[in-house]
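Reading the structure
Here is how the chains run, residue by residue.
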Amino acid sequence: MQFVQNTPIWLKETDSTNKEALRMLKTGRPAEGTCICAHFQTEGKGQRSNRWLSLPSENLLVSFILYPPIHSASEPFTLSMAAALAVRETIAEFTNHPVEIKWPNDILVSGKKIAGILIENQWLGSSWHAAVVGIGININQKKFDVEHATSLSLINQLIVDPKIVLLRLQANLSAQYTRFCKKEHATLSLEYHEQLFGRKTLHTYQTAQGLILAQVVQVLHDGRLELRSSEDVHLTFDLSEVRLVY
Ligand code: BTN
């Protein structure tokens, strides 16, 4: 059930491609795989209610509209895993540096964030009607407000056309989404865990109890993160409860 790689809708400027996609879903039923891109976002949204900032035309800002099959409603995090694998794979095609997934679905190169994913779901009553998969990939931007951000051009010293990256992203997302629709949840989870940052090394995490030194054990079915502290205590967290200290 590969989604058709639709011709992307390119907007010069919008508030947020995710918002644009959600508006389209309010007024109709766009084809599965509809892909909305913007050269600039005035209100780009990130996880944890953060803003996603990106200089005009330097990076890829894109949202895909998907209609997850009914059976998948019990495991919404699997879609997040499929999207993270697709973005990781896409970036790996443009660099020789190791590319990792940081829970829940940030993409890191050399420990710095190169891409982020924000999935917004639309429910009709209790059924999962649609998912907007918003993806931001840093491509040609060289200066960032935060120390732990990077881009393809910073790591490769090359300028890349965001439209070329988009073509590969569409193909990879379509392929991973097919696996998700075919209920390949166990293999998706296995591959996600193989690429997961912090499983073999101790890192500092900010929690409500203060800073802890810990190693990632796994991501549970409901998307919660399980850590093992340096004192061998197992703890689980949702996104609002823990943060990696870079
Ligand atoms: C994160 O915080 O890591 C998620 C960032 C997601 C950013 C993308 S850019 C395209 C799409 N539109 C948005 O407003 N956000 C997502």
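Use the structure listed above.
I will try to describe carefully the structure that is included in this document. This is a predicted model, so every value here is computed, not measured. (Residues numbered from 1 in each chain as written. Predicted model: local features only at pLDDT ≥ 70, side-chain atom pairs only at ≥ 80, totals over all residues. Heavy atoms only, no water.)

A word on the site of the ligand. If you check the shell around the ligand, you find 20 residues, and the closest are Ser-16, Gln-41, Lys-45, Gln-47 and Lys-113. The separation between an oxygen atom of the ligand and a polar main-chain atom of Gln-47 is 2.7 Å. Placement of the ligand is best described as lying within the largest pocket. Within the residue set of the shell around the ligand, elements represented by two or more residues are helix H1 (17-27), strand S3 (60-66), strand S6 (112-124) and strand S7 (127-137). Per-element tally for the shell around the ligand: the top contributor is S6, with four residues. Taken together, the residues of the shell around the ligand break down into six nonpolar, eleven polar and three charged. (Near = heavy atom within 4 Å. Polar contact = N/O pair within 3.5 Å; in protein donor to acceptor, adjacent residues only side chain to side chain. 1 Å grid on protein atoms, 1.4 Å probe; cavity = no way out; pocket = protein on both sides within 12 Å on 5 of 7 lines; lining within 4 Å. Sits in = over half its atoms within 2 Å of the grid points. Helix = DSSP H or I, 4+ residues; strand = E, 2+ residues; numbered from the N terminus. Nonpolar A, V, L, I, M, F, W, Y, C, P; charged D, E, K, R; others polar.)

This part covers the pairing of strand S5 (residues 106-109). Sheet faces and side chains relate simply in a regular strand, where the side chains alternate between the two faces. The alternating pattern of S5 places Asp-106 and Leu-108 on one face and Ile-107 and Val-109 on the opposite face, and all of these are buried. Counting the residues that bridge the hairpin from strand S4 (residues 99-102) to S5 gives three residues. Strand direction decides the pairing type here: S5 and S6, joined by three bridges, are antiparallel. In the strand pairing of S6, Ile-107 is matched with Ala-115. Two successive antiparallel strands, S5 and S6, enclose a turn made up of two residues, where Ser-110 displays a positive phi of approximately 50 degrees. (Buried < 20%, exposed > 50% of the residue type's maximum accessible area, 1.4 Å probe, protein only. Pairing = 2+ DSSP bridges.)

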